[in-house]
Amino acid sequence: MNLEQESNVCKEEVYNELFRTHSKNLHDFLYYKFGSANNPGDIVQEAFYRLWKKCRDILPEKAKSFLFTAANNKMLNEIAKRKTALDYEKTPTKSHDSETPEYIFEEHEYMEKLKEALNNLTEDQRVTFMLNRVEGKKHQEIADMLGISRKAVEKRIYTSLKILRKKLGDKIG
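Turning our attention to the packing of aromatic side chains. Under the criterion given, the structure shown has four aromatic pairs. Considering the side-chain rings of Tyr15 and Trp52, the 4.8 Å spacing of their centres and the 70 degrees angle between planes classify their relative orientation as edge-to-face. Of this pair, Tyr15 sits in helix α1 (residues 12-34) while Trp52 sits in helix α2 (residues 40-53), placing them 37 residues apart in sequence. Ring plane angle 65 degrees and centroid distance 4.8 Å describe the contact between Phe19 and Phe48, whose orientation is recorded as edge-to-face. Taken as a pair, Phe19 in helix α1 and Phe48 in helix α2 lie far apart in primary sequence, 29 residues in all. Under the relative-accessibility criterion, Phe19 is labelled partly exposed at 30%. Grouped by ring-pair contacts, the aromatic residues Tyr15, Phe19, Phe48 and Trp52 constitute a single cluster. The ring of Phe68 carries the charged tip of Lys64 above its face, separated from the ring centre by 5.9 Å.

Below you can see the structure in the form of structure tokens.
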């Protein structure tokens with residue numbers, strides 16, 4: 001079947017052919033890039049579900065690109081969410097004699113506010129911000145990973161910082 005001749009991904013035979021053609025390659029791409037612990041099979045299913053939901057808007061010749069972009073972005077978002085949670089779980093509670101109970105309480109309160117503020121960012125802002133600030137990725141690296149311009153990365157990080165500063169004061173940098 002020549003998918004370029006078909007114009008509608010919503011046709012069951014076109015969709016099934018896309019699945020047969022791309023699902024294994026998409027799974028392998030996610031597996032090799034992110035590992036098996038990140039459930040690449042689930043992300044593949046999610047990407048094909050998103051394709052089905054948007055089948056009227058996606059041309060068959062653009063479906064592969066859509067699937068790989070959707071799966072990659074979903075995986076990055078899942079990793080960023082998990083990493084944020086793990087970072088806060090791993091943050092050791094300092095028990096120095098010089099720290100008063102009030103200081104410890106304020107630190108805990110701040111961390112809760114930070115977690116809430118990060119969750120209030122859009123998914124794009126949070127992923128971009130976390131890739132930059134937590135994983136130390138450079139703007140161009142993030143742009144290449146997400147398939148966006150460097151200026152878009154800079155704007156997302158700037159906007160994220162602005163939102164976080166508004167919620168947390170100037171304690172974020």
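Right, picking up where we left off after that structure.
Here we come to a positive patch on the surface. Taken together, the side chains of Lys155, Lys162, Lys166 and Lys167 define a basic patch exposed on the protein surface. Tracing the backbone through its elements, the reader meets Lys155 in helix α7 (residues 150-168). Classification of Lys155 by relative accessible area gives exposed; the value is 57%.

It is worth spelling out the pattern of salt bridges at this point. Tallied over the full model, the rule gives seven salt bridges. The partner of Asp28 in a salt bridge is Lys24, and the shortest N-O contact between them spans 2.8 Å. Of this pair, Asp28 and Lys24 both sit in helix α1, separated by four residues, roughly a single helical turn. You can call Lys24 exposed: its relative accessible area is 56%. The closest approach of N and O atoms between Glu154 and Arg150, which form a salt bridge, is 3.0 Å. Linking Glu154 with Arg150, this pair stays in helix α7, spanning four residues, or about one helical turn. Salt bridges here are not isolated pairs; linked through shared partners, they connect Arg150, Lys151 and Glu154.

Moving on to the state of the cysteines. With the rule as written, the count across this model stands at one disulfide. Here Cys10 connects covalently by a disulfide to Cys55, the sulfurs 1.8 Å from one another. On the sign convention where negative is left-handed, the bridge of Cys10 and Cys55, at about 90 degrees about the S-S bond, is right-handed. Of the two residues, Cys10 is situated in the segment before α1 and Cys55 in the loop between α2 and α3 (60-90); the sequence distance between them amounts to 45 residues. Judged by relative accessible area, which is 16%, Cys10 ranks as buried.

Definitions and limits used
Numbering of residues starts from 1 in every chain and runs along the sequence as written. Given that the model is predicted, a residue must reach a pLDDT of at least 70 before its local features are reported, and side-chain atom pairs must reach 80 or more before they are shown or counted; all residues, however, enter totals for whole chains, interfaces and linings. Processing note: side-chain calculations cover all non-hydrogen atoms of the structure and skip hydrogens and water entirely. Each aromatic pair joins two rings of Phe, Tyr and Trp (for Trp, the six-membered one) with centres within 6.5 Å, and gets the label stacked for planes under 30 degrees apart, edge-to-face for over 60, and tilted for any other angle. Numbering of helices and strands runs from the N terminus, with a helix taken as a DSSP run of H or I at least four residues long and a strand as a DSSP run of E at least two residues long. Buried, partly exposed and exposed residues are distinguished by accessible area as a fraction of the type maximum, computed with a 1.4 Å probe on protein chains only: under 20%, between the cut-offs, and over 50%, respectively. A ring is considered to have a charge above it if a Lys NZ or an Arg CZ atom is located within 6 Å of its centre and within 35 degrees of its normal. Distance thresholds for patches are 9 Å for like charges and 5 Å for nonpolar side chains (Val, Leu, Ile, Met, Phe, Trp, Tyr), applied to residues having over 30% relative accessible area and no salt bridge. Here the open area of atoms and residues is found with the Shrake-Rupley method and a 1.4 Å probe, where only the protein chains shown may cover a residue. Salt bridge criterion: a side-chain nitrogen from Lys or Arg within 4 Å of a carboxyl oxygen from Asp or Glu. By the counting scheme adopted, Arg and Lys are positive, Glu and Asp are negative, and His together with the chain ends is not counted. By convention, the charge on Lys lies at NZ, on Arg at CZ, on Asp at CG and on Glu at CD. Here, a disulfide means two cysteine sulfur atoms that sit within 2.5 Å of each other.

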